[in-house]
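Next come the chains, spelled out residue by residue.
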Amino acid sequence: MAPVAKQAGATLQQEERGDATCPLLFIQLNQLLSTPAGLEWRETARWIKFEEKVEDGGERWSAPHVPALPLHSLFRLRTCLQKGTMLLDLDATSFKEIIDKALSGQPKEAELQPELRESLAALLLRQPQHQPTKSLLWLLTELGLSPCQGKAKSWSEPRAQLSETPLKEQLRNRFKKKVPPGAEAAHVAVGEVEFLEKPFTAFIRLRRGVALGSLAEVTLPSRFLFVLLGPRSEVKAYHEVGRAMAMLLTDELFQRVARQAEHREDLIAGMEVFLDELTVLPPRKWDPSARIPPPRCLPSPHRRTTVYPPNQQSHGNGDMAAAGHRAGLGHPRSSEELERTGRLFGGLLQDIRRKAPWYVSDFSDALHPQCLPAVLYIYLATVTNTITFGGMLGDATANMQGVVESFLGTAFAGSIFCLFSGQPLTILSSTGPVLVFERLLFSFSQDHRLDYLEFRLWIGIWAAFFGVVLVATEASHLVRYFTRFTEEGFCALISLIFIYDSLKKMLSLADAFPINWQYRLDNITSYSCVCNLSSPGHSSAGNDTPLPSPLALQQPPAAPAGLSRTQCLGRGGHLLGTSCQYVPDVTLISFLLFGGTFLSCTVLKCFRSSRYFPAGVRKLVSDFAIILAILASCAIDAALGLETPKLLVPSELKPTNPARGWIIFPFGANPWWVCLVSAVPAVLVTILIFMDQQITAVILNRREYKLQKGAGFHLDLLCVSLLMVVTSATGLPWYVSATVISLAHMESLRKESATSAPGEHPEFLGIREQRLTGLAVFVLTGVSIFMAPILKHIPMPVLYGVFLHMGVAALNSIQLTDRVQLLLMPAKHQPDLPYLRHVPLRRVHLFTVIQLLCLALLWVLKSTMAAIIFPVMLLALVGIRKGLERVFSLHDLSWLDSLLPETAGKEAEGQQPGKQKVEESNGEESELMHCQGPEINISVN
């Protein structure tokens, strides 16, 4: 590889790391065409990343596509560059000056006669006819102004001279919005003329970008020009050579070679590198006229810029050095957040130093319109979660903790955490594993006649103490052992619990609003429900006595006419009849709202990648997808007017159970030794809180989410531990990171590039990291008690549909789901996943089955009395993962999972001698991360 090409490759690697930048090129191909009015330049194609052609008729641009051209055109182009005029770093301020210097700088053997130079200059200085991208309003205006004149004349006269200032149509061109900021222009002009006997070729690079008036379709500084004019009968060849030049300039590596080239040979060497990487399709095996659509994601340029000696290519599946090198990809354990300092609270102090400089920007960065839908979305999810878990806590603890306590605890703990935590994107909530422990703790207290809240207070104090000890000893360092195996097992379990509970809540509506399965249309005259005030009835609303036969006629009891159900029961009456237990339509419409909300959330969230409407509208709909789905479902519910179950928020601040107060005293109700014995269950709580909190933290801080402000594992654990003391002393629920809502929070705050080239998907830029959205969510949760009159209009099935959407999205986003689908998929229909290229399919299936068995074991544990050891089983997942190294090779584990720290360290010791092997083996993984960057891996908690 030539020195300039190597230097360009190094520049490309620096760009990928963010150390350098290079402007993109907008490339325009103008072709000289013969018209009844004479010769004229017309724009026929354009490029930024992909090619767009002007369709026949000149009214419409084609869809962006990957350019395909004859191989011979590249060889012709190489000849043109070798023999034609080449001006590098030309100083010029106008297009006329550029043409004059190009015509006067020809080689002696190709020098033109003075009259030919004048004719050629006059021809090149003609105004090209652009094909601007018009808005719908522009097109309608043209149609209205010339309804009977056929095609509106928007082009200038063929012999008009190039304007030194932009034309009005250039300034109005909507395509400028697609051009990234800082882009430059390159012009390719090809055509045939009668007065030339041999081709005229010129490649020009300007020293600095110069605005060339109306030459380009959009107003950009121009940097490159390529001109190819020749005699007739070869117009097709000229057009293909022009396309080849444009395609070369769209290539990142060649473009950098062209910018850095000092001699003609450097440019030829860059082209040779391009030809070395070229892929050739055989003739008659595909349709050359077919347009290849742009790929979903482009491969990382890193693989192109690595040089491999021919005797050091990687072969086979057993490259251990590559396995060690891949160990750290996508996992934060190699970052400084988890480095041990060897000092008490050393990690905590580092977290504080790392986060303190960002504290002011954590609030100023929230001043963006995107934060509003994020607040509304997460607020409704948090309120629903609070009510759901509050109700379940009330059932499990005889209302010692209920909905009111959940609202107050969520608002207080969440607000404090958002203000002082290391990762403020985290949303705190009561979680399923904590609920399981609370249920077991209450049952144990009842069986042994202990005061539940006082016992719980001491457990919370001990757990907080153990948490502070873990922070002091930098135990968060252990999260480096949480590989994909552990994360996916935990996330899949919580995900399934989440989906199961939302469906279970909906199915319970059939009990609250029963359906009359015995209804027969022929017996409609026998269905009735009347109020009996004279004596106790035999069938009241909600009892379990058998219903009388539909054909058995009831004698009407003595009761005032027009009494409602509430009035009848209020007067001591009873409801009699065959239809008293049934509430028509409520269950049906509830399920329709549930399913409709789920589908609406899913469809609207994907609307960003739809083909309909402009990009701004699609982004707006996608950002507000959940809110729009909720509002639409609420509107349908209000229009129907049925009494569907609504969101019930407590309207006054008092304990759910009148027998308890707001402050829990540590002594008095239980024997003195309880404060010591509480340390035993506190160990289990500590393990549970540590695993729940830190697994979520690991997922939140993965590298592919491009977080810029760093993590705070130690600081987050300290905040959660100290909050446990306060919530235990006030009888409020315990709180840890809720993975589903936290990652939904991140999803709603994702940043993407404002402009993207045609055919290119918007680039994922990271997450809008700030504290204000989480703080606003928890403040709104706290004042929800005062918004009960508004919130009571939201049907619960609608919120359950949102929860189902979050759970399904979470389950679909983890690799375990993909591998489970492979179990049911014939090999020929399996997707081209990176690990399938390097790991035998039977080994992939074995790894999946082991994960499913662990998942089933976790489900059984949490559903039985053995749930007390559930925290220990979560910790055991790490041990099981360690044991898998005896079943699978390190190479297989490096593709299916991540290597454990000590294993990766051993492999890294021998990595240097095989560094070039490593680069090639790791290329596909780097490409995978490059493509998966925009995807947010939502996991449920």
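All figures in this text were calculated on a predicted structure; none of them were measured in a lab.

Rules and cut-offs
Going along each chain's sequence as written, the residues are numbered from 1 onward. Thresholds applied to this predicted model are a pLDDT of at least 70 for local features of residues and 80 or more for the giving and counting of side-chain atom pairs; totals over whole chains, interfaces and linings are not thresholded and use all residues. The basis for the side-chain values is all heavy atoms of the structure; hydrogens and waters are excluded. Per the convention used, a helix needs a DSSP run of H or I reaching at least four residues, while a strand needs a run of E reaching at least two, with both numbered from the N terminus. Each residue's exposure class comes from its accessible area (1.4 Å probe, protein chains only) as a fraction of the maximum for that residue type: buried when under 20%, exposed when over 50%, partly exposed otherwise. It only takes one pair of heavy atoms within 4.5 Å for two residues to be counted as in contact. Exposure was quantified through the Shrake-Rupley algorithm and a 1.4 Å probe, taking into account, for residues, occlusion by the shown protein chains and nothing else. In what follows, salt bridge is the name for a side-chain nitrogen of Lys or Arg lying within 4 Å of a carboxyl oxygen of Asp or Glu. By the convention used here, strands pair only if DSSP detects at least 2 bridges between them. Here, axes are lines fitted to C-alpha atoms. For helices the fit covers the stretch in contact, and angles between N-to-C directions go from 0 to 180 degrees. Per-residue confidence from the prediction method is given by pLDDT, with values spanning 0 to 100. Relative orientations are named as follows: roughly parallel for angles under 35 degrees, roughly antiparallel for angles over 145 degrees, roughly perpendicular for angles from 65 to 115 degrees, and oblique for any other angle. Here a crossing is taken to be left-handed if its near helix is turned anticlockwise relative to the far helix by less than a right angle, and right-handed if that turn runs clockwise. Basically, the charged four are Asp, Glu, Lys and Arg, the nonpolar ten are Ala, Val, Leu, Ile, Met, Phe, Trp, Tyr, Cys and Pro, and anything else, Gly included, counts as polar. Only centres within 6.5 Å qualify two rings of Phe, Tyr or Trp (six-membered ring in Trp) as a pair; their planes then separate them into stacked at under 30 degrees, edge-to-face at over 60, and tilted for everything else. Counting as a charge over the ring demands two things of the Lys NZ or Arg CZ atom: a distance within 6 Å of the ring centre and an angle within 35 degrees of the ring normal. Only residues above 30% relative accessible area that lack a salt bridge enter a patch, with like-charged residues linked at up to 9 Å and the nonpolar side chains Val, Leu, Ile, Met, Phe, Trp and Tyr linked at up to 5 Å. To estimate how far a helix should reach, multiply one less than its number of residues by 1.5 Å. By convention a nonpolar core is built from buried Ala, Val, Leu, Ile, Met, Phe, Trp, Tyr and Cys residues, the set being connected through side-chain atoms within 4.5 Å. By the criterion applied in these results, polar contacts are pairs of N or O atoms within 3.5 Å in which, for protein atoms, one can donate a hydrogen and the other can accept it, and in which residues neighboring in sequence qualify only through two side-chain atoms.

1. Some thoughts on the overall build of the protein chain
The helix and strand tally for the protein chain stands at 36 helices and 13 strands. Residues classed as buried in the protein chain amount to 53% of the 941 residues present. A separation of at least 24 residues holds for 81% of the contacts in the protein chain among residues at least 6 apart in sequence. For the protein chain, the accessible area works out to roughly 43000 Å², and carbon and sulfur atoms hold 61% of it.

2. Side note on the pattern of salt bridges
For the structure shown, the criterion picks out 29 salt bridges. The residue E40 makes a salt bridge to R42 at a minimum N-O spacing of 2.2 Å.

3. Quick notes on the sheet that holds strand β6 (residues 200–211)
Judged by pairing direction, the sheet is mixed, and its seven strands sit side by side in the order β3-β2-β1-β5-β7-β6-β4 without closing on themselves. At either end of the open sheet lies a strand with only one pairing partner, and these are β3 (51–53) and β4 (85–90). Between one strand axis and the next, the sheet turns by 20 degrees as a mean value, whatever way the strands run. One ladder, built from five bridges, connects β4 with β6; its direction is parallel. Each bridged residue has a counterpart across the sheet, and for L87 the counterpart in β6 is I204.

4. Focus on the pairing of strand β5 (residues 184–192)
β5 sits mainly inside the fold: nine of its nine residues count as buried. Neither face of β5 is open: one carries E184, A186, V188, V190 and E192, the other A185, H187, A189 and G191, and all of them are buried. Relative to strand β7 (residues 221–230), β5 runs parallel, the two being bridged by eight bridges. The partner of V188 across the bridge, within β7, is F226.

5. A few points about the confidence of the model for the protein chain
Averaged over every residue, the pLDDT of the protein chain is 77; the share at 70 or more is 79%. Per-residue pLDDT stays below 50 along residues 306–325; that stretch engages in 40 contacts with residues further than four places along the chain or on separate chains. Confidence over residues 925–930 falls short of pLDDT 50; this stretch has 13 contacts with residues more than four positions distant or in other chains.

6. As for the packing of helix α13 (residues 371–396) against helix α15 (residues 432–447)
The geometry of α13 relative to α15 is characterised by a closest axis approach of 9 Å and an angle of 15 degrees between their N-to-C directions. With respect to their mutual orientation, α13 and α15 come out roughly parallel. Considering how the two elements wind past one another, α13 and α15 form a crossing that is right-handed. Facing F389, M392, L393 and A396 of α13, the residues of α15 in contact are G432, L435, E438, R439 and F442. For the contact of α13 with α15, the per-class residue count stands at six nonpolar, one polar and two charged.

7. A few points about the packing of aromatic side chains
For any two aromatic rings, the description comes down to two numbers: the centre-to-centre distance and the angle of the planes. Counted according to the given criterion, the structure contains 13 aromatic pairs. Judged by centre distance (6.1 Å) and plane angle (35 degrees), the rings of F444 and F455 are tilted. Here F444 is found in helix α15, whereas its partner F455 is found in helix α16 (residues 452–472), with eleven residues between them in sequence. An aromatic cluster is built from W462, F465 and F466, whose rings are joined through pairwise contacts. Sitting over the ring of W61, R46 keeps its end group 3.9 Å from the ring centre. Between R456 and the ring centre of W734, over which it is positioned, the NZ or CZ distance is 4.4 Å.

8. A short note on helix α11 (residues 346–355)
Here α11 has its buried residues at G346, G347, L348, D351, R354 and K355. Contacts made by the buried residues of α11 are with α16 and α25 (713–729).

9. Let's talk about a nonpolar patch on the surface
A cluster of nonpolar residues, L344, F345, L349 and I352, forms a patch on the protein surface that exposes about 360 Å² of accessible area. Structurally, I352 is set in helix α11. Among the residues examined, I352 registers a relative accessible area of 42% and is labelled partly exposed.

10. Examining the environment of S742
With respect to the secondary-structure elements, S742 resides in helix α26 (residues 739–748). Exposure remark for S742: the relative accessible area of 0% places this residue in the buried category. In this structure, the C-alpha to C-alpha distance between S742 and I427, residues 315 residues apart in sequence, is 4.9 Å. If we skip the residues at most four places from it in the chain, S742 touches L425, T426, I427 and L700.

11. Here's the deal with the side chain of S445
On the secondary structure map, S445 appears in helix α15. Residue contacts for S445: discarding those within four places in its chain leaves L450, Y452 and F455.

12. Some remarks on helix α22 (residues 625–640)
Here α22 contains 16 residues, and its C-alpha end-to-end distance of 23 Å stays within 8% of the 22 Å for a straight helix at 1.5 Å per residue. Every buried residue of α22 is accounted for by A625, I626, I627, A629, I630, S633, C634 and D637. Buried residues belonging to α22 abut α13, α20 (586–605), α21 (615–623) and α29 (796–813). Just beyond α22, the residue with positive phi is G641, at close to 75 degrees.

13. Some remarks on the nonpolar core
With 89 residues, the main nonpolar core has F482, V685 and M746 as its most contacted residues. Here this core takes 13 residues from helix α24 (residues 679–700), the largest share from any one element. Contacts of M746, omitting those with residues within four sequence positions, involve L425, L700, Y705, L707 and I767. A381, I427, C601 and V802 belong to the second-largest nonpolar core, a separate cluster that totals 46 residues.

14. Considerations on the side chain of E488
Position of E488 among the secondary structure elements: in helix α17 (residues 484–507). One polar contact links E488 to Q851, side chain to side chain, over a distance of 3.3 Å. Beyond its immediate sequence surroundings of up to four residues, E488 is in contact with I814, Q815, L816, R819 and Q851.

15. Describing the environment of F847
Structurally, the position occupied by F847 is in helix α32 (residues 841–863). For the pair F847 and R819, spaced 28 residues apart in sequence, the C-alpha separation works out to 9.0 Å. F847 has contacts with F485, R819, L884, F888, L893, L896 and D897, leaving out every residue within four places of it along the chain.

16. As for the packing of helix α3 (residues 95–104) against helix α4 (residues 114–124)
For the pair α3 and α4, the least separation of the axes is 10 Å and the interaxial angle reads 150 degrees. As summarised for this structure, α3 and α4 are arranged roughly antiparallel, according to the angle between their axes. Where α3 crosses over α4, the two elements pack in a sense that is right-handed. Across the interface between the two elements, F95, I99 and L103 from α3 touch R117, L120, A121 and L124 from α4. For the contact of α3 with α4, the class distribution of residues is six nonpolar, no polar and one charged.

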